[in-house]
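Topology and contacts: notes
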Amino acid sequence: MARTALLGSSLTKKYWMALTGLFLCLFLVIHLAGNLQLLDASPEGRLKFNAYAKFMTTFPLIKVVSYLLYFSILFHAFDGILLAMQNRQARPTRYVKEKPSANRTWYSGQMALLGSLLLVFIVLHMKHFWYEMHWGGLPVDAEGNTDLFTVVAAAFQEPLYVVFYVVAMAVLAFHLLHGFQSAFQSLGLNHPRYTPIIKNVGVFFGVVVPILFALIPVWMFAFPG
Amino acid sequence: MSKLDSKIPPGPIDKKWTYHKGHMRIVAPANKRRIDVIVVGTGLAGASAAASLAEMGYNVKAFCFQDSARRAHSIAAQGGINAAKNYMNDGDSTYRLFYDTVKGGDYRAREANVYRLAEVSANIIDQCVAQGVPFARDYGGLLDNRSFGGVQVSRTFYARGQTGQQLLLGAYSALMRQVGKGTVKMYDRHEMLDVVIVDGKARGIIARNLITGEIERHGAHAVLLCTGGYGNVFFLSTNAMGSNVTAAWKAHKRGAFFGNPCYTQIHPTCIPVSGTHQSKLTLMSESLRNDGRIWVPAKLEDAKAIREGKKKGSDIPEADRDYYLERRYPAFGNLVPRDVASRAAKERCDAGFGVNKTGEAVYLDFSAAIERYGKLQANILKLENPSKEKIRELGEAVVSEKYGNLFDMYENIVGENPYKEPMKIYPAVHYTMGGLWVDYNLQTTVPGLFALGEANFSDHGANRLGASALMQGLADGYFVIPYTVGDYLADDIRTGPIDTKRPEFDAAEKEVTDRINHFINNKGTKPVDEFHRRLGKVMWDKCGMARNEQGLKEAIQEIRQIRAEFWKDVRVPGKANEFNQELEKAGRVADFLELGELMCMDALHRNESCGGHFREEYQEMEGPQQGEAKRDDANFAYVAAWEWLGEAGKAELHKEPLTFEEVKLTQRSYNKDRANCSVDPSVRRYTTR
Amino acid sequence: MGNMKLTLKIWRQNGPNDKGRMETYPVNDVSEDMSFLEMLDVLNDQLIREGKDPVAFDHDCREGICGMCSLFINGEPHGPGRGITTCQLHMRKFKDGDTIFIEPWRSAAFPVIKDLSTNRSAFDRIQAAGGFVSVNTSGNLVDGNAVPIPKDDADKAFDAATCIGCGACVATCPNGSAMLFVAAKVSQFALLPQGRPEAKRRVLAMVDQMDKEGFGNCSNTGACEVECPKGISLEHIARMNREYLAASVTKE
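Residues numbered from 1 in each chain as written. Chains lettered and ligands numbered in written order. Predicted model: local features only at pLDDT ≥ 70, side-chain atom pairs only at ≥ 80, totals over all residues. Heavy atoms only, no water.

1. Concerning the overall build of chain C
Stated formally: Labels follow the DSSP assignment, with helices taken as runs of H or I lasting at least four residues and strands as runs of E lasting at least two, numbered in each case from the N terminus. Any pair of residues with heavy atoms lying within 4.5 Å of one another is described as a contacting pair. Under the convention used here, a 1.4 Å probe and the Shrake-Rupley method define accessible areas, while residue burial counts only the protein chains that appear. In this charge count, Lys and Arg are treated as positive and Asp and Glu as negative; neither His nor the chain ends contribute. The atom standing in for a charge is NZ when the residue is Lys, CZ when it is Arg, CG when it is Asp and CD when it is Glu.
Counting secondary structure elements, chain C contains 8 helices and 7 strands. In terms of its C-alpha atoms, chain C occupies a principal-axis envelope of roughly 60 × 35 × 35 Å. Contacts in chain C between residues far apart in sequence, at least 24 positions, make up 69% of those at least 6 positions apart. Carbon and sulfur atoms make up 48% of the accessible area of chain C, which totals about 7,900 Å². Each charge class in chain C was averaged separately, 28 positive and 33 negative side chains, and the resulting centres sit 4 Å apart.

2. Considering the domain arrangement of chain C
All names here are of chain C. Formally: What fixes the domain bounds is an automatic or database domain assignment. Throughout, the accessible surface (probe 1.4 Å) given up by two parts as they are put together, summed over both, is called the buried area. By definition, a salt bridge exists where a carboxyl oxygen of Asp or Glu is found within 4 Å of a side-chain nitrogen of Lys or Arg.
By domain assignment, chain C separates into domain 1 (4-113) and domain 2 (121-250). With 19 residues of domain 1 at the contact, the number on the domain 2 side is 18 residues. Roughly 1,300 Å² of surface becomes buried between domain 1 and domain 2 when both sides are summed, with 58% attributable to carbon and sulfur atoms. The largest per-residue losses of area from domain 1 upon contact with domain 2 belong to Pro-77, Ala-109 and Phe-110, which jointly make up 33% of the total buried on that side. Our enumeration of links across domain 1 and domain 2 arrives at 1 salt bridge.

3. Points about the pattern of salt bridges
Where charged atoms from two side chains of opposite charge approach closely, those side chains can pair. Note the threshold: Only protein chains enter the accessibility calculation, which uses a 1.4 Å probe. A residue is then buried if its area is under 20% of the maximum for its type, exposed if over 50%, and partly exposed in between.
Summed over all chains, the structure comprises 88 salt bridges over all chains. Two residues, Glu-227 of chain C and Arg-82 of chain C, come together in a salt bridge whose shortest N-O distance is 3.1 Å. With Glu-227 of chain C in helix α7 (residues 223-227) and Arg-82 of chain C in the loop between β4 (76-77) and β5 (99-103), this residue pair connects regions lying 145 residues apart in the sequence. The closest approach of N and O atoms between Asp-155 of chain C and Lys-151 of chain C, which form a salt bridge, is 3.4 Å. One end of the pair is Asp-155 of chain C and the other is Lys-151 of chain C, both in helix α3 (residues 151-161) and 4 residues apart, which spans about a single turn. Here Asp-155 of chain C falls in the partly exposed class, since its relative accessible area comes to 24%. One continuous salt-bridge network, built from bridges that share partners, spans Asp-106, Arg-108, Arg-606, Glu-608, Arg-631 and Asp-633 of chain B.

4. Concerning the confidence of the model for chain B
Interpreting fine coordinate detail is not advised for predicted regions of low pLDDT. How we decide: Per-residue confidence from the predictor is given as pLDDT, running between 0 and 100.
Residues with a pLDDT of 70 or more make up 96% of chain B, whose mean pLDDT is 92. Note on residues 672-689 of chain B: pLDDT is under 50 here. Beyond four places in sequence and across chains, it has 70 contacts.

5. Comments concerning the interface of chain B and chain C
Applied cut-off: Polar contacts, as counted here, are pairs of nitrogen or oxygen atoms within 3.5 Å of one another; within protein the pair requires one atom able to donate a hydrogen and one able to accept it, and residues that are adjacent in sequence qualify only if both atoms are side-chain atoms.
Taken together, the contact pairs 76 residues of chain B with 74 residues of chain C. Regarding the contact of chain B and chain C, the summed buried area is about 6,200 Å², with carbon and sulfur atoms giving 51% of it. Contact with chain C buries area across many residues of chain B, yet Arg-71, Arg-177 and His-277 of chain B alone supply 11% of it, more than any other trio. Our enumeration of links across chain B and chain C arrives at 7 salt bridges. Across the pair Arg-189 of chain B and Asp-58 of chain C runs a salt bridge, and its minimum N-O distance is 2.8 Å. Our enumeration of links across chain B and chain C arrives at 45 residue pairs in polar contact (both at pLDDT 80 or more).

6. A look at the nonpolar core
Put simply, the rule reads: Each nonpolar core is a collection of buried residues, namely Ala, Val, Leu, Ile, Met, Phe, Trp, Tyr and Cys, held together in the definition by side-chain atoms within 4.5 Å.
Judged by nonpolar contacts, the single largest core of 250 residues is most densely connected at Ile-81, Phe-135 and Leu-224 of chain B together with Phe-215 of chain C. A total of 13 residues in this core trace back to one element, the largest contributor, which is helix α17 (residues 581-605) of chain B. When sequence neighbours within four positions are dropped, the list of residues in contact with Leu-224 of chain B reads Val-37, Ile-38, Val-39, Val-40, Ala-49, Leu-53, Phe-450, Leu-452, Ile-481 and Val-485 of chain B. Of all hydrophobic cores here, the second largest spans 38 residues; its members include Tyr-165, Val-171, Phe-205 and Ala-214 of chain A.

7. With respect to the domain arrangement of chain B
By a widely used convention, the size of an interface equals the accessible area lost when the partners come together. All names here are of chain B. When its domains are assigned, chain B resolves into domain 1 (267-429) and domain 2 (505-632). Look at where the C-alpha atoms of domain 1 and domain 2 centre, and you get two points 32 Å apart. Opposite the 14 residues of domain 1 that make contact, domain 2 presents 8 residues. Buried surface at the junction of domain 1 and domain 2, summed over both partners, amounts to about 860 Å²; 53% is from carbon and sulfur atoms. Put simply, domain 1 and domain 2 have 0 salt bridges between them. Our count for the contact surface shared by domain 1 and domain 2 stands at 3 residue pairs in polar contact (both at pLDDT 80 or more). If one sorts the elements of the side of domain 1 that touches domain 2 by residue count, helix α10 (residues 338-353) sits on top with 5 residues.

8. Regarding the sheet that holds strand β18 (residues 449-451) of chain B
Within a sheet, each strand pairs with its neighbour through backbone hydrogen bonds, oriented either parallel or antiparallel. Residues and elements named next belong to chain B. This is how the line gets drawn: The criterion for strand pairing is that DSSP finds at least two bridges linking the strands in question. Only C-alpha atoms enter the line fits that serve as axes; for helices the fit covers just the stretch in contact. Angles between N-to-C directions range over 0 to 180 degrees.
Spatially, the 5 strands line up as an open sheet ordered β6-β2-β1-β10-β18, and their pairing is parallel. Both edges of this open sheet fall to β6 (184-187) and β18, since each of them pairs with a single strand only. This sheet shows a mean twist of 20° between the axes of neighbouring strands, independent of strand direction. In terms of strand pairing, strand β2 (residues 59-63) meets β6 through 4 bridges, oriented parallel.

9. What about the packing of helix α4 (residues 94-104) of chain B against helix α5 (residues 111-131) of chain B?
All names here are of chain B. In plain terms, the rule: Geometric relationships in this document are graded by angle, where less than 35 degrees denotes roughly parallel, more than 145 denotes roughly antiparallel, 65 to 115 denotes roughly perpendicular, and other angles denote oblique. By convention, the crossing between two helices is left-handed when the near helix turns anticlockwise from the far helix through less than a right angle, and right-handed when the turn is clockwise. Three classes are used, and their members are as follows: Ala, Val, Leu, Ile, Met, Phe, Trp, Tyr, Cys and Pro are nonpolar, Asp, Glu, Lys and Arg are charged, and the others, Gly among them, are polar.
At their nearest, the axes of α4 and α5 sit 8 Å apart, and the two run at 135° to each other. Comparing the axis directions of α4 and α5 gives the class oblique. Seen from above, α4 lies across α5 with right-handed handedness. Note on element contacts: α5 touches α4 through Glu-111, Val-114, Tyr-115, Ala-118, Glu-119 and Ser-121, opposite Thr-94, Tyr-95, Leu-97, Phe-98, Thr-101 and Val-102. Partitioned by chemical class, the residues of the contact of α4 with α5 number 7 nonpolar, 3 polar and 2 charged.

10. Describing a nonpolar patch on the surface
Residues and elements named next belong to chain A. Just so we agree on the cut-off: Every patch collects residues that have over 30% relative accessible area and no salt bridge, joining them within 9 Å if they carry like charges and within 5 Å if they are nonpolar side chains (Val, Leu, Ile, Met, Phe, Trp, Tyr).
Side chains of Phe-55, Phe-59, Leu-61 and Val-65 sit close together on the surface and give an oily, nonpolar patch of about 370 Å² of accessible area. You can see Val-65 is positioned in helix α3 (residues 60-89). Owing to a relative accessible area of 40%, Val-65 belongs among the partly exposed residues under this scheme.

11. Some points on the packing of aromatic side chains
This is how the line gets drawn: Aromatic pairing here means that ring centres of Phe, Tyr or Trp (its six-membered ring) are within 6.5 Å. Orientation follows from the plane angle: under 30 degrees is stacked, over 60 is edge-to-face, and everything else is tilted. Here, a charge over a ring is recorded when the distance from Lys NZ or Arg CZ to the ring centre is within 6 Å and its angle to the ring normal is within 35 degrees.
Under the definition given, this model contains 56 aromatic pairs over all chains. Between Trp-17 of chain B and Tyr-483 of chain B, the aromatic rings sit 5.7 Å apart at their centres with planes inclined by 85°, giving edge-to-face as the arrangement. Within this pair, whereas Trp-17 of chain B is found in helix α1 (residues 16-23), its partner Tyr-483 of chain B is found in helix α13 (residues 469-489), the two being separated by 466 residues in sequence. Each ring, one from Phe-566 of chain B and one from Trp-567 of chain B, has its centre 5.6 Å from the other, and the planes form 85°; the classification is edge-to-face. One aromatic cluster is present, built from ring pairs that chain together Phe-121, Phe-129, Phe-156, Tyr-161, Phe-164 and Tyr-165 of chain A. Its end group placed over the ring of Trp-17 of chain B, Arg-116 of chain B keeps NZ or CZ at 4.8 Å from the ring centre.

Here it is, written out as structure tokens:
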């Protein structure tokens, strides 16, 4: 019983996946709430968004939380890769003929692939905006805040960018469709009465959140303001 | 004087076991560590014995041919396990369970053994509950009981339709606990191919590792055979494909007498054979007879049309149906005992009224029950003038509630909807009451060699009651052998480990390898199964539900013929030192081919009908009992124990006289008895599995 | 006999160290009344008569309860159909002219012995690690009715206990995880008062052994529940997750 501490066992890895995953879901909601401000392209709206961006990058408590967030993303990815590698080793010879459609949704079996795509997306996304915001030497707006809005608006005039973001959000949607309810199951939070509710909430979350995210580039492309 | 000493303890029947336990020798804990015990088979008897002996401190080696101990065929038992708990306050008692079992066995069982079985039955339930066996419970949280097929009391404990599975998994978990502790060394995918006798005592076995083909020697101070029954001698039976007689037969050839080999139980409600490809038969719970009506067409031309596929059962009008059980046994109709129902089906099919392609099937029809339940349900729902369809729909729902899983199983196998078309059923072999002769201590005629569970002959006489097989397996393994084996082993505390390099092991191993080499090198033309099927057909036709002198004599000749051809012409592909399933089968069939002959000899010598043994010459020829079995207590109230005399077909009969001090021998006349009271007491064997 | 002609693509492998390959066998005269294993019996009979090596496959009770049969048929364990094992699968589920792929369970923890036969003793070792109630045989235990058990709990424990240990869950899981098997046992005992005293030890030990055997990790795809011939519910996996979490956190 050596490996039963909160590290190491297969179940422990799943707990961490679930906890970090749910934390990332929470982050998505906050991130979304902030970013929806991008839909307001009026001069006041731009200033408001820039002010918000500044607050998010400087307020100490948020800073602490953001480190937790970076850690969660990395840990979720690292843990996920570890799990996926072990899963591969668990079946060294593949089946010649397999019929996954008979017993599972395609995306539930492709969480590692979807997750890897999302990781690529996150890296590029942070390069585009987060890196620029911090070290890009961007111009400032009328209130002296870094003018992130203009950078975003410019980026989403590129059709390729827009397509990339929309596709990424589709990937996120499938990742969430399975991941949300799966996290509750991993933590043992299962009950005949509440599990169906969790599953419905998961579907709602997995559809609505990515759609709203995807709306932003599409909107900004269509209505440059 | 007989060579057989049953070692029944003195005293009144209800004190014998207590007395015996108090007077047997025991092995001190420190000495148990120096004693090795081999347990062959991991069904209810084997797993429970191996676990219990290891808990006591013996070094146990357990063997099974399956890939895991959990797969032994006890797992397939459906109905339940009897125990005299009297939870239902319906007058059950140890004595009543004992009485029912002796009577159910048609007075061919040893009273003292049966009493002990009834005595320990209650402990079995307590033990299993403590192990976490999820028995059915009522809303008060207490154990539920049911009555089986007309017995007077509700003494059957159950876990839905999977009681055997749950009990076996309980025993298996106890066994695995000891495996984890290292007190039991588990050898799965190992088959015992001989027992080794040193100085007249069983001192080990020769086993084949089925994965590598390696022949292994294992020494021990005692060998326990818990290897089940031999129903597969019939090729088609409800036994698992791998169930075999090899371990018991090898023991027989090394000096253990074989008791009552001809006693075979035939279960009336199995799914019929569908064609020549058939590999095994599936049992349908006998509870179906509570609501189903059994019939065949009254006209031969209808039966013929059905066999040719021109008509269906549902096409036959009510007037042209012969509800033969209701006709012959008006008092009990479709609920007559197992053997009566089985033989009646055979009689109709032999007369040409069978209703499937093979001509060996009768109908079990639920349409009347569906209509009855439908009307009842309509009344409950206060429907006025419900349509025929509505009644049917409601009735089908009720029947589905009661038997849904069985109907699904039937439809899955047969491909016909039993709600619309009557089910087809036919009797099949499913248990063998005979087995190695054992004394009260479960020891065979070879010192140090014990037989438990279905592998021995001891407790069921000529016929086993439903829900008693599980009881016997666990009683032997948990509560009998742990005591009695100690009495034997008390002499062995100074023996030391058994040396497997002794010449006796050399000789036994050589016999085993010679035989394997013969199979591998034999350049025959026919697969093993072909011979097995032929043997099975002879056994079924001539030593099955009904037997007669001429048929049995023919059968003996035919079996000899098949056996000779088998040794000359069998083809076993592959090598000896690899995973070789055909080689495994060949060895088993070779033993069945010898056992089959002994069964016929036993059936031939027993000039009476009793329990599972029905001789056509010995039946009531007239009167209300016409066609019923006729026992001959004056001449045949004994156990037939056969001694091997060096070659197949040569065996010496030894008789262990049966004395009945507690239960009065009565002429079986269930018709009359039962006709006098609606739920009859004394009727033997009308039970469900 | 029958009238169906089929093409079988069967995995042949001489032993654990052989690489293995798919081979093609035509079979004729297949009747729709045959069970799938009887169809393989027909093939083997044919192969033996031709002097070829028959296909090795595990089977025993042929009535869906022993858990020994184990074929991956056309991409699914125990083939098409729900709630049945391979031995209960009948040929009327197939059509004349069909091609059927037959493979062994594939898992690092279930090495192939020969052809379609695999070694599943990993399950036994998991059971030996803690799948029991530590009670010795005794004629003096408390009466079976001394501790009432709520019917719902008893029924749920029974549902979990119906697992036949066939390994279809492992075979079908994209990750080769044995969670459904282990959870069924953990859950059965966790639900019963008899199992509670050593519940923590049990779940920790059994999961530990499961990991050592080289099974994959559960990703909650639910494939096991769909393919399980006994319909064991994912609820039991959640219960095990709960039990394990509580045991890990409170372990001294």
